[in-house]
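Structural overview for review
Below, each chain spelled out in residue letters.
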Amino acid sequence: MAQDKKQVEQITDMEADFAQWFTDVCRKAELIDYTSVKGMFIYRPYGYAIWENIQHGLDAEFKKTGHENVYLPVLIPESLLQKEKDHVEGFAPECAWVTMGGDEKLEDRLCVRPTSETLFCEHYSHIIHSWRDLPKKYNQWCSVLRWEKTSRPFLRHREFLWQEGHTMHATAQEAREETMQMLGIYADFCENVLAMPVVKGRKTDKEKFNGAEETYTVECMMHDKKALQAGTSHYFGDGFAKAFDITFTGKDNQPHYPHQTSWGVSTRLIGGIIMTHGDNNGLVLPPRIAPTQVIIIPVAQHKEGVIEASRAVMERLQKAGFRVKMDGSDQSPGWKFAEYEMKGVPLRLELGPKDMEKNQCVLVRRDSGEKSFVSLDGIEETVAKLLDSIHDGLYAKALKNREENTYPAFSLEEAKAIQQEKGGFIKTMWCGDLECELKMKDEAGMSSRCMPLEQEHLGDVCPICGKPAKHMIYWGVAY
RNA sequence: CGGGGUGUGGCGAAGUUUGGUAUCGCGCUUGGUUCGGGACCAAGAGGCCUCGGGUUCGAAUCCCGACACUCCGACCA
């Protein structure tokens, strides 16, 4: 069945209204529900299951690289938050405050954590004394609160789920290596598990994290050509250590400040998955993250043996390690086809009386709609191959979208024209001055995305001011 | 935070201009027939019309206010 044919009428076409399409998918695929508090969303079982799979995958990578999970409190005293000047300036405007305990007013009001650098620093100041105590490589899975003015499912919540890694190292070099290692883990995860190609790069001073020396990012292009920052990794130097008075005694018996990193990804990744792979029939999930990889639909299930045969196939596939479900409800087959397409299940397996006679089943890919009749002998291998092929196809399609919508520009006018006519990423040279960055924002409506680690030489001068260029940089409209 | 739009059973809407018993489609429940692309027939259940004030004999409808959703900006690692 051709995939360009729209089969789910409940979802707005993405070409007609991308924002409405996104909201429709979030709701119709049963990922999310709204609550009576603005910007606060319920992750429904299917949506939360995607997050759990992200957690399992990333957590395993964190553990492999020597990180330990911890849990810190949800409340931060204002006095603690204020110790690092840039940090408090960045976050104070979007903090939610606890000012009452029961019916008593609190002397030092408490901020609901927007991020936990300050708490980690306080804790590290207690437990780091000697070079033998380093490195400390902690990670926390939790939710954070930011009082955003506008909110959208997955992309901007007032409360969202994330992980925040916070590490302390004896040397700057080791901390820098950690920063880059974690950026690499995020990039690999996005590409190999979520099928989302990324651009790895460094943020400009304007865009970097408040209090960081350097911020690195993995940037993705969504289907509507807008940019989404999928993950971020910061090198802090010893700025926080100084502000929080964290010192250790080195092998030289002298006091030293440790060097710090932090890094995180959030449930925004789910928004990225939706906007990278989704189509007009709804969600399209990359197989390695899909809560259900194969949905089995028994056809004419009242006929003798159909349910039993379907269940047998399900059990075989489950035994082979796939996440498989069978829908034996009394909805019509057509209803079920539409339902699981909307929910983005990568592979549908149909099994009816005709198939049973021939010892076969029907497999339908969610990404292309391609249908094949395959033998039940060796079904495990067939499914494995198809799921890998779907992953590769999704990745290739997303990469093609990014490549076809990335343009070099050699003047501000050209950048502006490309942005207005085509959108997408624009790459230029850049002198490094904030003034030029602001000009690009004001005149072309684009913010800097990153200075990619893989630099290209597009020229010698900054196209905005004409001064000598220091970097190649990506620009775009971002979520 | 500024500007626009919207708020009526679970969902989508009509009704608001011109105040007078709450409508439709889908979904839901039960029974039956169906079953390879959102099946059909029959009988049912379900509504503080977002919330709070006001005007009126009477408000979904008019007036004032609040809240939420949504779009465009600003802001936002």
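Given the structure is predicted, the values throughout are model-derived calculations rather than measurements. (Residues numbered from 1 in each chain as written. Chains lettered and ligands numbered in written order. Predicted model: local features only at pLDDT ≥ 70, side-chain atom pairs only at ≥ 80, totals over all residues. Heavy atoms only, no water.)

This part is about the overall build of chain A. Within chain A one finds 14 helices and 23 strands. In summary, chain A has a C-alpha radius of gyration of 25 Å against a globular reference of 23 Å for 479 residues, a match within 12%. Judged by the C-alpha coordinates and their principal axes, chain A covers about 80 × 55 × 50 Å. Scored against the burial criterion, the 479 residues of chain A give a buried share of 55%. Taking all contacts inside chain A whose residues are at least 6 apart in sequence as the whole, residues at least 24 apart take part in 69%. Per element, the accessible surface of chain A, about 21200 Å² overall, is 48% carbon and sulfur. (Helix = DSSP H or I, 4+ residues; strand = E, 2+ residues; numbered from the N terminus. Rg over C-alpha atoms; globule rule 2.2 N^0.38 Å. Buried < 20%, exposed > 50% of the residue type's maximum accessible area, 1.4 Å probe, protein only. Contact = heavy atoms within 4.5 Å. Areas by Shrake-Rupley, 256 points an atom, 1.4 Å probe, with all protein chains shown as cover.)

Close contact between helix H2 (residues 45-64) and helix H8 (residues 268-277) brings their axes to 10 Å; oriented N to C, the two are set at 110°. Relative to H8, the element H2 lies roughly perpendicular. Contact residues: H2 offers Gly47, Ile50, Trp51 and Ile54, while H8 offers Leu269, Ile270 and Ile273. Residue composition of the contact of H2 with H8, by class: 6 nonpolar, 1 polar and no charged. (Axes fitted to C-alpha atoms, helices over the stretch in contact; angles between N-to-C directions. Parallel < 35°, antiparallel > 145°, perpendicular 65-115°, else oblique. Nonpolar A, V, L, I, M, F, W, Y, C, P; charged D, E, K, R; others polar.)

Of all residues in chain A, 98% attain a pLDDT of 70 or more, and the chain-wide mean is 94. When the criterion is pLDDT under 50, residues 1-7 qualifies, and its contacts beyond four places in sequence or with other chains add up to 18 contacts. Note on the complex model: pTM 0.96, ipTM 0.89. (pLDDT = per-residue confidence, 0-100.)

Moving on, we come to the protein's contact with RNA strand B. In the region of RNA strand B, 41 residues are neighbours, and Arg146, Arg156, Trp162, Phe209 and Asp355 sit closest. Backbone atoms, meaning sugar plus phosphate, form 39% of the atoms of RNA strand B positioned within 4 Å of the protein. In the environment of RNA strand B, a phosphate oxygen lies 3.3 Å from a nitrogen or oxygen atom belonging to the side chain of Asn210. Note that a base nitrogen of RNA strand B is positioned 2.8 Å from one of the side-chain N or O atoms of Glu341. (Near = heavy atom within 4 Å. Polar contact = N/O pair within 3.5 Å; in protein donor to acceptor, adjacent residues only side chain to side chain.)

Within the fold, Ser143 resides in strand S7 (residues 136-145). There is a polar contact of 2.8 Å between the side chain of Ser143 and the side chain of Glu159. Discounting residues that sit within four places of it in the chain, Ser143 has contacts with Arg113, Glu159, Phe160 and Leu161.

On to the packing of aromatic side chains, then. Taken as a whole and assessed by the stated rule, the structure comprises 14 aromatic pairs. Measuring from centroid to centroid gives 6.3 Å for Phe240 and Phe244, while their planes differ by 15°, and the two rings are stacked. Note on accessibility: Phe240 and Phe244 belong to one class, buried. Here the aromatic rings of Phe425 and Tyr474 are separated by 5.8 Å at their centres, their planes lie at 85°, and the arrangement is edge-to-face. With Phe425 in strand S21 (residues 425-430) and Tyr474 in strand S23 (residues 471-476), the pair connects residues that are 49 residues apart, well separated along the chain. The exposure classification of Phe425 matches that of Tyr474, with both residues buried. (Phe/Tyr/Trp six-rings, centres within 6.5 Å; stacked < 30°, edge-to-face > 60°.)

For Thr115, the location among the structural elements is in the loop between strand S6 (104-112) and helix H5 (117-127). We classify Thr115 as buried; its relative accessible area is 1%. Sequence separation between Thr115 and Gly264 is 149 residues, and the spatial gap between their C-alpha atoms is 9.9 Å. Residue contacts for Thr115: discarding those within four places in its chain leaves Ile76, His87, Phe91, Val144, Arg146, Trp162 and Glu164.

Take the pattern of salt bridges next. The final tally for this structure, using the stated rule, is 23 salt bridges. With its nearest N and O atoms 2.7 Å apart, the salt bridge here joins Arg365 to Asp367. As far as the burial class goes, Arg365 and Asp367 line up, both buried. Salt bridges sharing common partners tie together Lys85, Asp86 and Glu89. (Salt bridge = Lys/Arg side-chain N within 4 Å of Asp/Glu carboxyl O.)

A few words now on the pairing of strand S14 (residues 259-266). Put simply, side chains in a regular strand alternate between the two faces of the sheet. The element S14 is extensively covered by neighbouring structure, given that 8 of its 8 residues are classed as buried. Neither face of S14 is left uncovered, since the one carrying His259, Thr261, Trp263 and Val265 and the one carrying Gln260, Ser262, Gly264 and Ser266 both have all their residues buried. By the bridge criterion, 8 bridges tie strand S8 (residues 159-169) to S14 in an arrangement that is antiparallel. Looking at S14, one finds that Thr167 is bridged to Thr261. Bridge count between strand S11 (residues 227-237) and S14: 5 bridges; the pairing is antiparallel. Paired with Ser233 across the two strands is Trp263, which belongs to S14. (Pairing = 2+ DSSP bridges.)

The biggest cluster of nonpolar side chains holds 60 residues, and the ones touching the most others in it are Trp21, Leu31, Ile54, Leu58, Phe154, Leu194 and Ile274. Counting residues per element, this core draws most heavily on helix H6 (residues 172-192), at 7 residues. Discounting residues that sit within four places of it in the chain, Ile54 has contacts with Phe189, Leu194, Leu269, Ile270, Ile273 and Ile289. (Core = buried A, V, L, I, M, F, W, Y, C linked by side-chain atoms within 4.5 Å.)

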